[in-house]
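If you want the building blocks of each chain, they are given just below.
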Amino acid sequence: MDRIAITGGARLEGEIAISGAKNSAIKLMTASLLTDEPLRLTNMPRLADTRFLGQLLRRLGVDVDERDGVAGPETVLHAPEVTSAFAPYDLVRQMRASFNVLGPLLARTGHAKVSLPGGCAIGARPVDLHLKALETLGAHIDLHEGYVYAQAPRGLKGAEIDFPISSVGATEHAMLAAVLAEGVTVLNNAAREPELEDLAQCLNAMGALVEGAGTATITITGVSKLHGATHAVMPDRIETGTYAVAAAMAGGEVRLTHTRGDFIQALLDRIEQAGAEVIHANDGVTIKRNGARLRAVDIETDPYPGLATDVQAQFMALMTMAQGESVIRETIFENRFMHVSELSRLGADITVQGGEARVRGVETLEGAQVMATDLRASVSLVIAGLAARGETVVNRVYHLDRGFERLEEKLGACGARVRRLSDSAD
Ligand code: EPZ
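Residues numbered from 1 in each chain as written. Predicted model: local features only at pLDDT ≥ 70, side-chain atom pairs only at ≥ 80, totals over all residues. Heavy atoms only, no water.

A. Up close: the pairing of strand β8 (residues 140–144). The pairing of β8 with strand β9 (residues 147–151) spans five bridges and is classified as antiparallel. Along β9, the bridge assignment pairs H144 with Y147. (Pairing = 2+ DSSP bridges. Helix = DSSP H or I, 4+ residues; strand = E, 2+ residues; numbered from the N terminus.)

B. Quick look at the site of the ligand. Around the ligand, the surrounding shell holds 24 residues, and the nearest of these are D128, S167, D310, I332 and R376. Here an oxygen atom of the ligand and a backbone polar atom of P126 are 3.2 Å apart. In the environment of the ligand, an oxygen atom lies 2.7 Å from a nitrogen or oxygen atom belonging to the backbone of V168. Of all elements in the fold, only α1 (22–30), α5 (128–136), α6 (168–178) and α12 (375–387) reach the threshold of two or more residues within the shell around the ligand. In terms of residues, the shell around the ligand owes the most to one element, α1, which gives four residues. The class makeup of the residues in the shell around the ligand is 11 nonpolar, six polar and seven charged. Two domains share the shell around the ligand, each providing at least three of its residues, namely domain 1 (3–19 + 235–421) and domain 2 (22–232). (Near = heavy atom within 4 Å. Polar contact = N/O pair within 3.5 Å; in protein donor to acceptor, adjacent residues only side chain to side chain. Nonpolar A, V, L, I, M, F, W, Y, C, P; charged D, E, K, R; others polar. Domains from an automatic or database assignment.)

C. Looking closely at unusual backbone geometry. Look at the link from Y304 to P305: it is a cis peptide, with omega at 10°. As for its placement among the helices and strands, P305 is situated in the loop between β18 (299–300) and α10 (312–319). Despite not being glycine, N43 shows a phi value in the positive range, around 55°. Relative to the assigned elements, N43 resides in the loop between β3 (39–42) and α2 (48–60). With a relative accessible area of 30%, N43 lands in the partly exposed category. With a phi angle near 55°, N189 is a residue other than glycine that sits in the positive phi range. By the secondary structure assignment, N189 is in the loop between β11 (184–188) and α7 (194–205). Residue N189 is classed as partly exposed on the basis of its relative accessible area, which comes to 33%. (Buried < 20%, exposed > 50% of the residue type's maximum accessible area, 1.4 Å probe, protein only.)

D. Seen up close, the domain arrangement of the chain. Domain boundaries assigned for the chain yield domain 1 (3–19 + 235–421) and domain 2 (22–232). Here the C-alpha centre of domain 2 lies 30 Å away from the C-alpha centre of domain 1. At the interface, 23 residues of domain 1 touch 22 residues of domain 2. Contact between domain 1 and domain 2 buries roughly 1700 Å² in total, counting both sides, with carbon and sulfur atoms accounting for 52%. For the domain 1 face of the interface with domain 2, the top three residues by lost area are Y304, R402 and E405, together amounting to 34%. For the pair domain 1 and domain 2, the interface holds two salt bridges. Between E195 and R237 there is a salt bridge whose closest N-O contact spans 2.8 Å. Residue assignment for the side of domain 1 that touches domain 2 shows that the elements contributing at least two residues are α12 and α13 (398–403). The element contributing the most residues to the side of domain 1 that touches domain 2 is α13, with three residues. The residue inventory of the side of domain 1 that touches domain 2, partitioned by class, reads nine nonpolar, four polar and 10 charged. (Contact = heavy atoms within 4.5 Å. Buried area = accessible area lost by both parts, 1.4 Å probe. Salt bridge = Lys/Arg side-chain N within 4 Å of Asp/Glu carboxyl O.)

Spelled out as structure tokens, the structure:
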């Protein structure tokens, strides 16, 4: 199994082009189930997660064609017919977001059998809100032996759905199902993450009528048919935030291009408070840090536009070497501190109580063998490794490959000493 080795101490200087957003791309891919015409997605990231979903969609009857377009990687998805409405455990288990094929399958064919995704390393992550939304749209849902059996033989019907908490996945799922429902659907307390706007734009390009995405109230007027479209996947705001933190950690000057700084404003504000410089540009943002030690800053994760839970681990890595004590509160997932014990192996001084971590900055970290159990936790170890003395080896790189495209190449181009080790003895 591959590992990533980082020799710490190199400053980063250069430019990193940000890829298309993983968490948008995988929802956009499922939209291909809603039409018998081709959906062309440009600015597609090439990641393990998009490959997993491609496998599942192929089983459902979607032709998935990954190509190199003139403007970069693109994927054309075409489902002239949905040949199966069954998403088996083995495929859904590999990636939770595969569960979101349920709504589009139901909308297109009137029935679906999709495996429940189960919990994962960062928390229990139930899907009750997804199922409740589909039921409100008129679906009949039964759960047997780990599977959701859903039926809507006479089609879904528009309705008002009140989400008790903000859920990105449930809001996306309800939107994907409601575009082909009869009548008007209103989503109250909808998630406001930029990925929702991206999905709405794509669906509208396919002929849907979605208004208000990006706000807490989304109105969807159902249409009887959607058509093909071309849509460019939005830039990955978590990848942007990750490299912004990496630049602040290692020092130097890194320009992040093909992205938008405003998508991660809450994080950039904290990076600035910690003492790095943030310069916004039309096509991205530059992070600069010269010499002085960073200061400790407290953070709390929140739904958008608050600070994303998906950059909490990275920011914690940054704080391990800051001056003073930083309090990090995780409010979205109940078990998202698995990186703490691994950061401690590098010499970080962190204590956790419930949803709160206290990070007392140390002057030096020392390279070690580490591993993590999820994507963002793994990359926080790479970030720590950039500033640690000596060599840090991050095991279980498959987590990183799920969500970071060509990580070692992108960091390496800025002068980081990062290499991939292929080693079957993991
Ligand atoms: C999405 O997960 C992202 N994943 C996550 O990124 C991200 O951390 C999260 O949104 C929050 O921003 C994808 O987009 C594929 P939620 P999602 O539904 O949609 C609870 C990464 O590293 N909840 O907004 O699953 C849930 O347990 C991943 O790329 C219910 O209680 O998150 C959590 O506490 C990790 N019932 C809260 O809501 C439900 O039915 C928010 O979760 C659904 C969610």
